[in-house]
Amino acid sequence: MDLKVGVIGTGAIGIEHIKRINEKVQGAYVTAVSDINVEQAKSLANQISAVFFETGEELIASTEVDIVVVTSWDPTHEKYVLEAIKHGKYVFCEKPLATDSAGCKRIVDAEIEAGKKLVQVGFMRRYDRGYIELKEAIETKKFGEPLMLHCAHRNPTADENYLTPMAIINTGIHEIDALRWLLQEDYVSAQMILPKQTSFTHEKLHDPQMLILETASGIHIDLEIFVNCQFGYDIKCDVVCETGEVGLEDPAYTHVKAKGKNYTKVAPDWQTRFVEAYDYEFELWIRSIQTGNLTGPTAWDGYVAAVTMDACGKARDTGERTLIQLPECPALYK
Ligand code: NAI
Ligand code: NAD
Ligand code: ISE
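Residues numbered from 1 in each chain as written. Chains lettered and ligands numbered in written order. Predicted model: local features only at pLDDT ≥ 70, side-chain atom pairs only at ≥ 80, totals over all residues. Heavy atoms only, no water.

Per an unreviewed UniProt entry, the protein chain goes by Inositol 2-dehydrogenase/D-chiro-inositol 3-dehydrogenase and derives from Enterococcus moraviensis ATCC BAA-383. If you open the UniProt record of the protein chain and go to Pathway (unreviewed entry), you find "Polyol metabolism; myo-inositol degradation into acetyl-CoA; acetyl-CoA from myo-inositol: step 1/7." The Function (unreviewed entry) field of the UniProt record for the protein chain holds the comment "Involved in the oxidation of myo-inositol (MI) and D-chiro-inositol (DCI) to 2-keto-myo-inositol (2KMI or 2-inosose) and 1-keto-D-chiro-inositol (1KDCI), respectively." (UniProt positions renumbered as here; feature names shortened; annotations may be inferred.)

Next up, the structure:
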């Protein structure tokens with residue numbers, strides 16, 4: 001029997017995931033949607049023959065919904081994930097799991113109380129072919145030990161609702177999770193540098209920002225977060241090892257040679273850059289629910305990322321290197 005999916009948040013990524021579930025992924029279809037933007041969500045519900053619910057809570061409680069996808073704004077994630085756990089329903093939550101570590105901890109505690117893993121976090125970089133190849137090179141020690149990582153996370157533009165802390169909470173959080181997964185090491189410290197700003201930013205956003213992370217074995221990571229870079233959606237991750245370097249390429253399927261130039265396109269946005277990763281993420285999420293064994297990023301991964309995120313906030317506010325300490329991983333997540 002196909003799983004009935006309820007989606008809370010029918011904005012940019014909500015719409016993408018709905019199409020993905022209905023048109024690409026086997027074993028599930030969207031039966032219900034909810035959004036505070038009632039007109040838009042009702043019209044979407046009509047188009048896909050789904051039921052519209054006034055609130056996320058009603059959607060979660062409904063018998064029309066077996067499993068839940070949360071794609072509403074970051075500060076709303078925690079309450080919907082807690083509600084889904086209360087109803088014993090599997091829930092896929094876009095990143096961040098909550099906007100601070102205290103919120104993520106409440107989710108971890110609720111899941112432990114429920115006695116079962118129900119939550120998966122939308123850290124889709126783990127499903128990207130480039131990152132998977134990097135991980136393989138690191139794990140097989142093909143070029144010896146990794147020593148340093150040089151990374152960048154660039155978006156073409158950010159609007160006036162995008163504020164300074166979101167560079168970490170909404171954007172850099174992808175690297176915070178993906179690099180810990182890549183290296184299989186926790187972080188021990190974070191530093192933040194606020195360099196000269198682009199004229200394309202606004203008063204409430206310091207752009208760009210630089211993050212420096214150190215892992216337990218001493219690997220140093222520098223990450224540039226630049227969300228008004230103008231030229232496209234650009235993700236870099238170069239891993240410098242003892243005898244070689246391995247790094248991400250921009251996925252391009254064609255090139256143009258003309259007028260004395262040879263060039264490939266830069267992806268315009270996250271939808272295009274990570275389309276295959278999102279597809280694969282959802283395919284495996286549905287399959288893992290069908291077999292009763294979640295395999296994707298857990299609530300604990302969401303919590304660990306949020307502890308790091310909090311440390312970055314402190315490092316930015318104080319200008320100091322901030323230590324990161326994690327409690328022991330609970331048995332449910334080992
Ligand atoms: P968006 O602003 O386009 O859509 C968010 C939607 O949530 C809006 O339609 C809004 O009306 C709705 N919403 C807000 N509060 C709500 C509430 N309490 N109940 C129901 N609906 C509510 O934002 P976008 O870009 O779609 O991002 C949504 C989430 O997805 C964010 O958490 C973001 O961090 C995440 N995201 C993840 C990406 C990834 O690469 N994994 C890419 C883009 C977004
Ligand atoms: P968006 O603003 O386009 O959409 C958010 C939607 O949530 C809007 O339609 C809004 O009306 C709705 N919403 C807000 N509060 C709500 C509430 N309480 N109940 C129901 N609906 C509510 O944003 P987006 O770009 O789609 O991002 C949504 C989420 O997805 C964010 O958490 C973001 O971090 C995440 N995201 C992840 C990726 C990724 O690469 N994994 C990419 C984009 C967005
Ligand atoms: C967005 O929410 C995402 O998650 C994208 O992947 C990221 O690049 C962007 O900065 C965020 O706003």
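This paragraph deals with the overall build of the protein chain. Looking only at helices and strands, one finds 10 helices and 15 strands in the protein chain. At 20 Å, the protein chain has a C-alpha radius of gyration in line with the 20 Å of a compact globule built from 334 residues. Overall, the C-alpha framework of the protein chain stretches about 55 × 55 × 45 Å when taken along its three principal axes. In the protein chain, the proportion of contacts linking residues at least 24 apart, taken out of those at least 6 apart, comes to 71%. (Helix = DSSP H or I, 4+ residues; strand = E, 2+ residues; numbered from the N terminus. Rg over C-alpha atoms; globule rule 2.2 N^0.38 Å. Contact = heavy atoms within 4.5 Å.)

As a further point, take the pairing of strand β10 (residues 220–226). Residues in a regular strand point their side chains to alternate faces of the sheet. The element β10 is largely enclosed, with a buried count of five among its seven residues. Sheet topology places strand β7 (residues 146–154) next to β10; seven bridges connect them, and they run parallel. The partner of His 153 across the bridge, within β10, is Ile 225. As paired strands, strand β9 (residues 209–215) and β10 are joined by six bridges and run antiparallel to one another. Considered in β10, the bridge of Leu 211 is made with Leu 223. Once β9 ends, the chain turns through four residues before running back antiparallel as β10, passing Gly 218 with a positive phi of about 100°. (Buried < 20%, exposed > 50% of the residue type's maximum accessible area, 1.4 Å probe, protein only. Pairing = 2+ DSSP bridges.)

Read across the sheet, seven strands follow the order β12-β11-β7-β10-β9-β8-β15 without closing on themselves; strand pairing throughout is mixed. Of all the strands in the sheet, the pair left with one neighbour each is β12 (245–247) and β15 (322–323). Contacts between helix α6 (residues 129–139) and the sheet are confined to β7, β11 (234–241) and β12, with β11 contributing the most and set at about 5° to the helix. Of the strands in this sheet, β7, β8 (187–193), β9, β10 and β11 are in contact with helix α7 (residues 166–183), which crosses β7 at around 150°. (Axes fitted to C-alpha atoms, helices over the stretch in contact; angles between N-to-C directions.)

Attention now goes to the site of ligand 1. Around ligand 1, the structure places 24 residues, and the nearest of them are Asp 35, Trp 73, Asp 74, Tyr 80 and Tyr 278. Within the backbone of Ile 36, one N or O atom sits 3.5 Å away from a nitrogen atom of ligand 1. In the model, an oxygen atom of ligand 1 is placed 3.1 Å from a nitrogen or oxygen of the Asn 170 side chain. Calculation on ligand 1 without its partners gives an accessible area of 840 Å², and the protein chains cover 86% of this total. Counting residues per element, the ones that place at least two in the shell around ligand 1 are α1 (12–24), α4 (77–86) and α7. Split into classes, the residues belonging to the shell around ligand 1 amount to nine nonpolar, 11 polar and four charged. (Near = heavy atom within 4 Å. Polar contact = N/O pair within 3.5 Å; in protein donor to acceptor, adjacent residues only side chain to side chain. Areas by Shrake-Rupley, 256 points an atom, 1.4 Å probe, with all protein chains shown as cover. Nonpolar A, V, L, I, M, F, W, Y, C, P; charged D, E, K, R; others polar.)

All right, on to the site of ligand 2 then. Around ligand 2 lies a shell of 24 residues, among which Asp 35, Trp 73, Asp 74, Tyr 80 and Tyr 278 are the nearest. Within the side chain of His 174, an N or O atom sits 3.3 Å from an oxygen atom of ligand 2. Residue Tyr 278 places a side-chain N or O atom 2.6 Å away from an oxygen atom belonging to ligand 2. Taken by itself ligand 2 offers 840 Å² of open surface, and the protein chains cover 86% of this. Of all the secondary structure elements, the ones that give two or more residues to the shell around ligand 2 are α1, α4 and α7. Taken together, the residues that form the shell around ligand 2 break down as nine nonpolar, 11 polar and four charged.

On the basis of which strands lie adjacent, the open sheet formed by six strands has the order β3-β2-β1-β4-β5-β6 and parallel pairing. Of all the strands in the sheet, the pair left with one neighbour each is β3 (51–52) and β6 (119–121). Packing of α4 onto the sheet brings it into contact with β1 (3–8), β4 (67–70), β5 (91–93) and β6, and relative to β5 it is tilted by some 170°.

Buried residues dominate β1, accounting for five of its six residues. Two strands pair when backbone bridges link them, and β1 and strand β2 (residues 28–34) are joined in this way by six bridges, in the parallel orientation. By the bridge assignment, Lys 4 is partnered in β2 with Tyr 29. Assessed by its sense of winding, the connection that carries the chain from β1 through α1 to β2 is right-handed. In this structure, β1 lies alongside β4, joined through four bridges in parallel fashion. What sits directly across from Gly 6, in β4, is Val 68. (Right-handed = clockwise from strand over helix to strand, strands pointing away.)

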